[in-house]
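If you want the building blocks of each chain, they are given just below.
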Amino acid sequence: MKTRTAIATAAVALTGIFAGVAQAATPTEVTIKGQEGEYYGYVKSQKSSCESGRTVNVYKMLGANPSPSSDKKIGSDTSAPNGPDGMYNIGNSGFKKGKFYAQVKKNSKCGGDLSPVISR
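Residues numbered from 1 in each chain as written. Predicted model: local features only at pLDDT ≥ 70, side-chain atom pairs only at ≥ 80, totals over all residues. Heavy atoms only, no water.

Examining the side chain of Ser115
No. 1: Relative to the elements of secondary structure, Ser115 occurs in the loop between β9 (113-114) and β10 (118-119).
No. 2: Since its relative accessible area comes to 5%, Ser115 is described here as buried.
No. 3: Of note is the side chain of Ser115, whose polar atom sits 2.8 Å from the backbone nitrogen of Ala102.
No. 4: Each residue touching Ser115, except ones within four places of it in the same chain, is listed here: Val30, Thr31, Ile32, Tyr101 and Ala102. (Helix = DSSP H or I, 4+ residues; strand = E, 2+ residues; numbered from the N terminus. Buried < 20%, exposed > 50% of the residue type's maximum accessible area, 1.4 Å probe, protein only. Polar contact = N/O pair within 3.5 Å; in protein donor to acceptor, adjacent residues only side chain to side chain. Contact = heavy atoms within 4.5 Å.)

Here's what the structure looks like:
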C-alpha cells in the first residue's frame, strides 16, 4: 500500500515538472506599412522581451497567398524598443509595386506571426 502511494506521489510530482516545461509561447503580432519601397512596422506583444531584438523579414508575395518559403525576401531588420512597441524598418528595398507582408518567427518564449498583406 505504501509503495502505491509513493508511486502515485512521484507521478503527480513529475506531471507538475513537465507541465512547467511545456508552456505556451507569448502571443506576438507583426504589422507592416510602407510606401515608395520603404517598409516598416512594429512587433507587438504583452511581454516587452518579445517585442525588441526580434528579426523581422519582409517579403514580396509571388503567389496567391503568403508563403515565406517561396516568396521573395526583400529585406530584414531587428526590432528595437520604441515606446511600448518594437519598431523595425528595412529601409528602401526598391520594390515599389506588388503585395508585401512581414514575418516574425516564433522562438522558445515568443510566438511568431505574419502581418496582413499590403498592396502597393
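Things to note about the nonpolar core
No. 1: Ranked by size, the top nonpolar core spans 13 residues in total, and within it Val30, Ile32, Tyr39, Val58, Tyr88 and Ala102 carry the most contacts.
No. 2: Of all the secondary structure elements, the ones that give two or more residues to this core are β3 (38-45), β4 (55-60), β7 (85-92) and β8 (99-104).
No. 3: Counting residues per element, this core draws most heavily on β8, which supplies 3 residues.
No. 4: Setting aside chain neighbours within four positions, we find Val30 in contact with Tyr42, Val43, Val56, Tyr88, Ala102, Gln103, Val104, Asp113, Leu114, Ser115 and Pro116. (Core = buried A, V, L, I, M, F, W, Y, C linked by side-chain atoms within 4.5 Å.)

Concerning the pairing of β4
No. 1: Strand direction decides the pairing type here: β4 and strand β5 (residues 72-78), joined by 6 bridges, are antiparallel. Bridge pairing links Asn57 to Ser76 in β5.
No. 2: Bridge count between β4 and β8: 5 bridges; the pairing is antiparallel. Each residue of the ladder has a partner; that of Val58, found in β8, is Ala102. (Pairing = 2+ DSSP bridges.)

What to know about the pattern of salt bridges
No. 1: Tallied over the full model, the rule gives 1 salt bridge.
No. 2: Across the pair Lys96 and Glu36 runs a salt bridge, and its minimum N-O distance is 3.8 Å. Here Lys96, found in the loop between β7 and β8, pairs with Glu36, found in the loop between β2 (33-35) and β3; they are 60 residues apart in sequence, far enough to count as distant.
No. 3: Taking relative accessible area as the criterion, Glu36 reaches 55% and is therefore assigned exposed. (Salt bridge = Lys/Arg side-chain N within 4 Å of Asp/Glu carboxyl O.)

Everything listed here is a matter of coordinates, which is why it stays silent on function.
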